[in-house]
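Below are the chains, spelled out letter by letter.
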Amino acid sequence: MSFVDRRIESRPTRGEAPFGLNEVFFSRTDSRGVILAGNYVFRRVSNYEWEELLGAPHNTIRHPDMPKGVFKLFWDAIQSGQTMGAYVKNKSKDGLHYWVFAVVVPCAEGYLSARIKPSSKLFDDVQGLYAKLLAAEQNEDLSPEESAERLKSWVVDQGYDDYRQFATKAISEELIARDTGLDNEPDQMIVDLCQTLDNAKTLVGETEGLIKDFDAMHTIPHNLRVIASRIEPSGGPVTVLSQNYGAMSREMSDWFAAHVMGKDSNFAVIEAAVDDSLFVECMVRVLKECDIQLQKERRILGEMDMQGERDLLAQLVSEQLERAGKGLDQVEREASRIMHACQVMHRHFLGLSSTRVLCKIESARLPESGETLADIIDQLGVFQERISQRLERIARLSSEIRSLER
C-alpha cells in the first residue's frame, strides 16, 4: 500500500470537508486564474484528482453561497498588484464545503493563494454578512460592483478605514485564534505589531485632541485682552502679554498642524505603515507554513515540481519580509519625527508658561481687576496642563512604537 493510500481519509456525506486547524494549503494560478500547482492538502480537501485540478479554472471550487461582490473586491486588488486577504467558502467535488481565510500574492505572472482554517470570533460576523450580501444580490439584483460597495460600507461601519485594514485585522485575529486553538505559543511579532497598531491609532486620536485643545484655548487670550482693556490704559502690560500669549499659542498650533497633521501627516503614515507591515508579517507566517506543509507531505504532486514550488515560496517569503522591513524602517523614522516635534513643543511651552506667569503678576497689580481676570488666566493654566499631558502621551506612544523589535 502506498503512502498516499495509507492517508486516504473518510469523508462525511454532507457538511464540511475535513480540513484541520493545524493544516495550511496553497494553490498557484496564472493571471487568468487557471490552476498551475498546489499541495496535497488542497487536492485532498477539494476532493479532486490532480489531472482534474491542473489546467482548470480556480472557480471550479467556488461555492454558490459566496457573494460575487467579495470576488469583485478581491480581483480588483490583486490585478492591480496588491496582496489581499478574504474569507472564502469553497465547494469540493463531492459537494462538501470548507471555509478558509485566503491570502493572495502576485507571483510568477500569476497568483499564489495560501489558506488557513478560520476560527476567530470575527469569522462568525463575516458569515452573517456574506449571507446578507448573497440575499441582496439575489433579491435586489445587485451587480458585483454594487455588492462590493455594500461590503466596503459594512467594513467602514465596523470602524475600519477601508477593506485592506479589515483584512489586516482578520488575518491577525485568525492567526492568534489558531495559535490559541492549537495550544501554541503566541507569535510574538504579530502580537507586538497588533499592539503597535493600537498605539498608532491612539496616537492619531491624541493629536487630533491636541489640535482641538489649541483651538479652544485661542479664545482665552482674546477674552483676557477684552477685560484688560477695561481696567488698564491702552497698551497696558496685561494687554500686551495676552497678545503675546495668543500669538505664541497660535504659532505653536499652526506649526504642529503643518508639520504633524498636514497632508503628509507622519501620524497617518505610521498607522498605514504599521497596518501594512502587520498584514505582510501574517502573510509571511502562512507562506512559511505552506513550505513546511509541503516538506511534510513529500507526495507525488502530479507533474508539478515540488522543489520548484518550494523555491517560489522561499522567494515570496524573502520579498515580503524585505517589504515589511522597509515599512517598519519608515515607522521608526516617522516616530522619531513625532518625538522631535514634541520636544520642540515642550520648549515653546516654557516660553508660554513664563508669559502666563507674568500676565498673572501684572493683573494682580491692577486696581479693581476682580476675580474674572485671574480666573481667565487660571483657565490658561488648565489648558496648558492638558496640552502638556497630551504631548507626554504622544511622546510615550512614539517611543513605544520606535522600540518595536524586529
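Further up the page is the structure itself.
Residues numbered from 1 in each chain as written. Predicted model: local features only at pLDDT ≥ 70, side-chain atom pairs only at ≥ 80, totals over all residues. Heavy atoms only, no water.

### Things to note about the packing of helix α5 (residues 121-139) against helix α7 (residues 163-181)
Argument step 1. Where α5 contacts α7, the two axes come as close as 9 Å, and the packing angle between them is 130°. Considering their axes alone, α5 and α7 lie oblique with respect to each other. Between α5 and α7, the contacting residues are Leu 122, Phe 123 and Val 126 on the first element and Phe 166, Lys 169, Ala 170 and Glu 174 on the second. (Axes fitted to C-alpha atoms, helices over the stretch in contact; angles between N-to-C directions. Helix = DSSP H or I, 4+ residues; strand = E, 2+ residues; numbered from the N terminus. Parallel < 35°, antiparallel > 145°, perpendicular 65-115°, else oblique. Contact = heavy atoms within 4.5 Å.)

### Thoughts on the pairing of strand β3 (residues 84-91)
Argument step 1. The buried fraction of β3 amounts to seven of the eight residues, a majority that puts the element mostly inside the structure.
Argument step 2. The pairing of β3 with strand β4 (residues 97-107) spans eight bridges and is antiparallel. Looking across to β4, one finds that Ala 86 is bridged to Ala 102.
Argument step 3. The hairpin turn running from β3 into β4, its antiparallel successor, is five residues long, and Gly 95 in that turn takes a positive phi close to 90°. (Buried < 20%, exposed > 50% of the residue type's maximum accessible area, 1.4 Å probe, protein only. Pairing = 2+ DSSP bridges.)

### So, the sheet that holds β4
The strands that make up a sheet are held in pairs by hydrogen bonds between backbone atoms, and each pair lies either parallel or antiparallel.
Argument step 1. If you trace the five strands from one edge of the open sheet to the other, you get β2-β1-β5-β4-β3, paired in antiparallel fashion. Strands at the two margins of the open sheet, each flanked by one partner only, are β2 (35-38) and β3. Direction aside, neighbouring strands of the sheet carry axes that sit 30° apart on average.
Argument step 2. Across three bridges, strand β1 (residues 24-30) lies against β2 in antiparallel orientation.

### Examining the nonpolar core
Argument step 1. Counting 104 residues, the largest nonpolar core has Tyr 87, Leu 112, Tyr 163 and Phe 166 as its most contacted members.
Argument step 2. Per element, the largest residue contribution to this core is 13 residues, and it comes from helix α11 (residues 266-297).
Argument step 3. Contact partners of Leu 112, with chain neighbours within four places excluded, come to Phe 26, Ser 27, Arg 28, Val 103, Val 104, Val 105, Cys 107, Leu 287, Leu 313 and Leu 316. (Core = buried A, V, L, I, M, F, W, Y, C linked by side-chain atoms within 4.5 Å.)

### A word on the side chain of Arg 285
Argument step 1. Mapped onto the elements of the fold, Arg 285 is located in helix α11.
Argument step 2. A polar contact is formed between the side chain of Arg 285 and the side chain of Glu 289, at a distance of 2.7 Å.
Argument step 3. Arg 285 has contacts with Leu 175, Arg 178, Asp 179, Asp 187 and Ile 190, leaving out every residue within four places of it along the chain. (Polar contact = N/O pair within 3.5 Å; in protein donor to acceptor, adjacent residues only side chain to side chain.)

### Observations regarding unusual backbone geometry
Argument step 1. The phi dihedral of Asn 47 falls on the positive side, at around 70°, and the residue is not glycine.
Argument step 2. Structurally, Asn 47 is set in the loop between α2 (40-46) and α3 (50-53).
Argument step 3. Residue Asn 47 is classed as partly exposed on the basis of its relative accessible area of 27%.
Argument step 4. In this structure, Asp 183 takes a positive phi of about 60° despite not being glycine.
Argument step 5. As for its placement among the helices and strands, Asp 183 is situated in the loop between α7 and α8 (188-217).
Argument step 6. A relative accessible area of 72% places Asp 183 in the exposed class.

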